[in-house]
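Geometric and topological summary
The residues making up each chain are set out below.
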Amino acid sequence: MGSSHVCAWLADDDNHQKRDVMRKYIDIDLGRQSSESRVLNGRQIAECGRFLIAKMLLDADVATVDPLAPDNPLIFSVGPFAGTNFSNANRLGVGCKSPLTGGIKEANSGGTFGFAMGQLQIAGMTLHGASDDWVVIRITKDGAISFDDASPYMGLGNFDCAAKLHAAYGDKTSLALCGPVGEYMGLMAGVAFSDTDNRPSRLAARGGVGAVMGAKKVKALVIDKDRMPPVNDRKKVMGAIKEYGKKLDESAPVKTFRTTGTAMMADITNLVGAMPTRNFTAGTQTPADQGPFKMGGDFIRELNSSRGGQTEHACMPGCLIKCSNVYVNKDGREIVSPMEYETICLLGTNCGLEHPDDVAEMNEIANDLGVDTIELGATIAVLMDAGKGEFGDIAFMKKVTSEMKAGSELGQFYASGTARVGESLQVHRVPVIKKQAISAYDPRLIEVTAISMMLTAQGADHTVGNSALFKCDDKSINELVAESLRVQINSAVADSLGLCVFGRSVTDENLKLIADAINDAFDASITPDAIRDIGLETLRLEAAFNKEVGFDQDDDELPSFFHEEALPPTNKKARLNSREVNAAMQALMNA
């Protein structure tokens, strides 16, 4: 094995005294193959995730560095409940300067890696510099960090790579992988994490964070799982976990997520005419009077259930929402886990696919490559719009991904993402903001989410502030912007505390419960108002970073075709423009 750095800071639970609970932050120097840890306690443990990533990137003064240079840090940060069975509270933020957008990026993921970090009492870690040779970073439960030779794993797809790593390091570990596209720094590469069944299928997908991992020559991080980490008042924390879980069980939105998953949104957007179809040229694939809509949550649930697939699946330990799934083919063989709304639309309907089996097959290929399915689907649809392939031609889609897997010159071109491919081929209809593909909500109808995607420093990312069910057509621009700010703050809170936004029907209304649980765990002296302030300050920090990069409100515009082309069947055009929505947002932020 490679060189080793041992930190003797993982003590047994019984040795921790009340009000002496701490976590560690690890800085890893890849060039020197060394690491240092520092202690976090109290409120420091609560100010984490997306908030911490934004603060650290701004403080590091990396706004003007080349995002693929060694000076761009790659940050992993978890929430205060990581390592526990607090439902939907084991998410992980991965942050850096994005090589795709050129701005700030925090890509969020479920899975078990954040859970394992929490169990080893690691609140976060930063990869600094770059390794001379490709490495696997191994972190054990006794605090040892080693830098092992990655050559046996190079060039492998994520599934073969994960199997080989588990054979070498054991099954009671969690993985973070740089896939084959990340190895050559393809800009749509994400970082793949183990799910609860050790599939490397949970991705921090957006913004090219996997390309940054590739630039650092880190093929994988392998971390031990252990046991629930210490907290100050275990009885009270466990009580909060139980109460939060009870509220989730009583929540109607959570019940829908549990039965139908995120695919339910496809039924809604297809019905209202806001679903990306054939490169955003239509909003509906199957009209209500023309038979069953096969790409919707209801059809997929019944089909998958009839074949013996799992319609409920937790992507991270302890999650009670269970919105994930395990999709199987007609013979009952697993194709992919999970298959979710954004993928169904961007890699499915937007490319002209009409059956979930085809989407599942492409989804699994994307997972094996370790790429963002939103960016991949948008890129392929632009290629189709350019005449390089026909909409609905899955064979063409597989040719694209085969070139990407091989890392050919053409494959690397495809892996550069929607904006660069569209610009090179001189395609008019290129659905991006800040060079990142727009998510599966057409801005001509779903306007609150559109505003969030326009104004966020993150690029066109719905997760920063999605309000897909908000009735928009009778609202003023000011009202739409106010709703966008509300959900952006709430989403930033969730991302900063390691919470999945799908629990927001409970989280948003129970910040006192969350604050009390944090205080019982870490004596953080945090209030519900302070939690809201973390969300708002996160938005300000991210905006400040992008301002240092050189972004301005012109970068917030929707692509012109959304204004020029009416969307069937509603025939609506976009009414949102950057100057107006920015003015309304600034008025609210300054109020």
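Just so you know, these numbers come straight off a predicted model, no measurement behind them.

At a minimum axis distance of 11 Å, the contact between helix H12 (residues 356-369) and helix H14 (residues 394-406) shows a crossing angle of 5°. Compared by their axis directions, H12 and H14 come out roughly parallel. Residues Asp358, Glu361, Met362, Ile365, Asp368 and Leu369 of H12 form the contact with H14, whose participating residues are Ile394, Met397, Lys398, Thr401, Met404 and Lys405. Among the residues making up the contact of H12 with H14, the classes are represented as six nonpolar, one polar and five charged.

Strand pairing in a sheet takes place through backbone hydrogen bonds and is either antiparallel or parallel in direction. As summarised here, the arrangement of the six strands in space is S3-S2-S7-S4-S5-S6, forming an open sheet in which the pairing is mixed. Whereas interior strands pair on both sides, the edge strands pair on one side only; in this sheet they are strand S3 (34-41) and strand S6 (104-109). Direction aside, the axes of adjacent strands within the sheet are offset by 15° on average. Note: strand S2 (residues 22-29) against strand S7 (residues 122-128), six bridges, orientation parallel. By the bridge assignment, Tyr25 is partnered in S7 with Gly124.

The subject of this paragraph is the packing of helix H13 (residues 373-385) against H14. Look at H13 against H14: their axes get within 11 Å of each other, and the N-to-C directions meet at 120°. Considering the angle they form, H13 stands oblique to H14. Helix-helix and strand crossings are classified by hand; for H13 and H14 the assignment is right-handed. Where H13 abuts H14, its residues Leu376, Ile380, Leu383 and Met384 lie against Phe396, Met397, Val400, Thr401 and Met404.

Moving on to the pattern of salt bridges. Applying the stated criterion across every chain yields a total of 35 salt bridges. The partner of Asp298 in a salt bridge is Arg301, with the nearest N and O atoms 3.3 Å apart. Of this pair, Asp298 and Arg301 are both found in helix H10 (residues 297-307), three residues apart, which corresponds to roughly one turn of the helix. A relative accessible area of 41% places Asp298 in the partly exposed class. Residue class for Arg301 comes out partly exposed when judged on its relative accessible area of 23%. Each of Lys471, Asp473, Asp474, Lys475 and Lys572 takes part in one network of salt bridges that share partners.

A separate point is the layout of surface pockets. Space inside the second largest pocket adds up to approximately 580 Å³. If you trace the second largest pocket, you find 22 residues lining it, with Leu455, Leu539, Ala543, Asn582 and Gln586 closest to the centre. Where the lining of the second largest pocket is concerned, the elements lending two or more residues are helix H18 (477-496), helix H21 (528-549) and helix H23 (578-589). The greatest single-element share of the lining of the second largest pocket, amounting to seven residues, is contributed by H21. Among the residues making up the lining of the second largest pocket, the classes are represented as nine nonpolar, seven polar and six charged.

With 13 residues, H14 should cover 18 Å at 1.5 Å per step; its first-to-last C-alpha distance of 18 Å lies within 8% of that length. Residues Ile394, Phe396, Met397, Val400, Thr401 and Met404 constitute the buried set of H14. For H14, the angular spread of the buried residues around the axis is 165°, confining them to a single face. Of the residues in H14, the exposed ones pointing more than 90 degrees away from the buried face are Lys399 and Ala406. Residues of H14 that are buried in the fold lie against helix H5 (180-183), H12, H13 and helix H15 (409-414).

Here the focus is the nonpolar core. The nonpolar side chains of a soluble globular protein tend to be buried, and buried together. Among the nonpolar cores identified, the biggest contains 86 residues, and Ile380, Met404 and Leu576 are the most heavily contacted of them. The dominant element in this core, judged by the number of residues it contributes, is H13, at eight residues. Beyond its immediate sequence surroundings of up to four residues, Ile380 is in contact with Leu347, Cys351, Phe396, Met397 and Val400.

Take the environment of Asp142 next. Residue position: Asp142 is located in the loop between strand S8 (135-139) and strand S9 (144-149). The exposure class assigned to Asp142 is exposed, which follows from its relative accessible area of 54%. Each C-alpha atom of the pair Asp142 and Asp224 lies 9.2 Å from the other, and the pair is 82 residues apart in sequence. Within polar-contact distance, the side chain of Asp142 engages the backbone nitrogen of Ala144 at 3.2 Å.

Turning our attention to the environment of Val481. Assignment of secondary structure puts Val481 in helix H18. Here Val481 falls in the buried class, since its relative accessible area comes to 0%. The spatial distance from the C-alpha of Val481 to the C-alpha of Ala583 is 9.7 Å, given a sequence separation of 102 residues. Once residues lying within four places of it in the same chain are set aside, the contact partners of Val481 are Ile451, Val581, Ala584, Met585 and Leu588.

With that settled, consider the side chain of Thr112. Residue placement: Thr112 occurs in the loop between S6 and helix H3 (113-119). Polar side-chain contacts of Thr112 include one of 2.7 Å to the side chain of Ser174. Excluding anything up to four places from it in sequence, Thr112 contacts Ser174, Ser194, Asp195, Thr196, Lys225 and Pro317.

Here the focus is the pairing of strand S13 (residues 218-224). Along S13, seven of the seven residues are buried, which leaves the element largely enclosed by surrounding structure. Looking at chain direction, S8 and S13 are connected through five bridges and run parallel. Its bridge partner being in S13, Ile139 is matched across the sheet by Ile223. Bridging between strand S10 (residues 173-178) and S13 involves five bridges; their strand directions are antiparallel. Across the sheet, Ala176 pairs through a bridge with Leu221, a residue of S13.

Here we take up the sheet that holds strand S15 (residues 324-328). Taken together, the three strands give an open sheet; going across it, the order is S14-S15-S16, and neighbouring strands pair in antiparallel fashion. Looking at strand neighbours, the two that pair on one side only are strand S14 (310-313) and strand S16 (334-336), the edges of this open sheet. The mean inter-strand angle of the sheet, taken between neighbouring strand axes irrespective of direction, is 40°. Sheet topology note: the S14/S15 ladder contains two bridges and is antiparallel. Looking across to S15, one finds that His313 is bridged to Ser324.

Quick notes on the rules
Residues numbered from 1 in each chain as written. Predicted model: local features only at pLDDT ≥ 70, side-chain atom pairs only at ≥ 80, totals over all residues. Heavy atoms only, no water. Axes fitted to C-alpha atoms, helices over the stretch in contact; angles between N-to-C directions. Helix = DSSP H or I, 4+ residues; strand = E, 2+ residues; numbered from the N terminus. Parallel < 35°, antiparallel > 145°, perpendicular 65-115°, else oblique. Contact = heavy atoms within 4.5 Å. Nonpolar A, V, L, I, M, F, W, Y, C, P; charged D, E, K, R; others polar. Pairing = 2+ DSSP bridges. Left-handed = near helix turned anticlockwise from the far one by under 90°. Salt bridge = Lys/Arg side-chain N within 4 Å of Asp/Glu carboxyl O. Buried < 20%, exposed > 50% of the residue type's maximum accessible area, 1.4 Å probe, protein only. 1 Å grid on protein atoms, 1.4 Å probe; cavity = no way out; pocket = protein on both sides within 12 Å on 5 of 7 lines; lining within 4 Å. Points joined across faces, edges and corners; volume = space filled by probe spheres on them. Expected span 1.5 Å × (residues − 1). Arc of directions from axis to C-beta. Core = buried A, V, L, I, M, F, W, Y, C linked by side-chain atoms within 4.5 Å. Polar contact = N/O pair within 3.5 Å; in protein donor to acceptor, adjacent residues only side chain to side chain.

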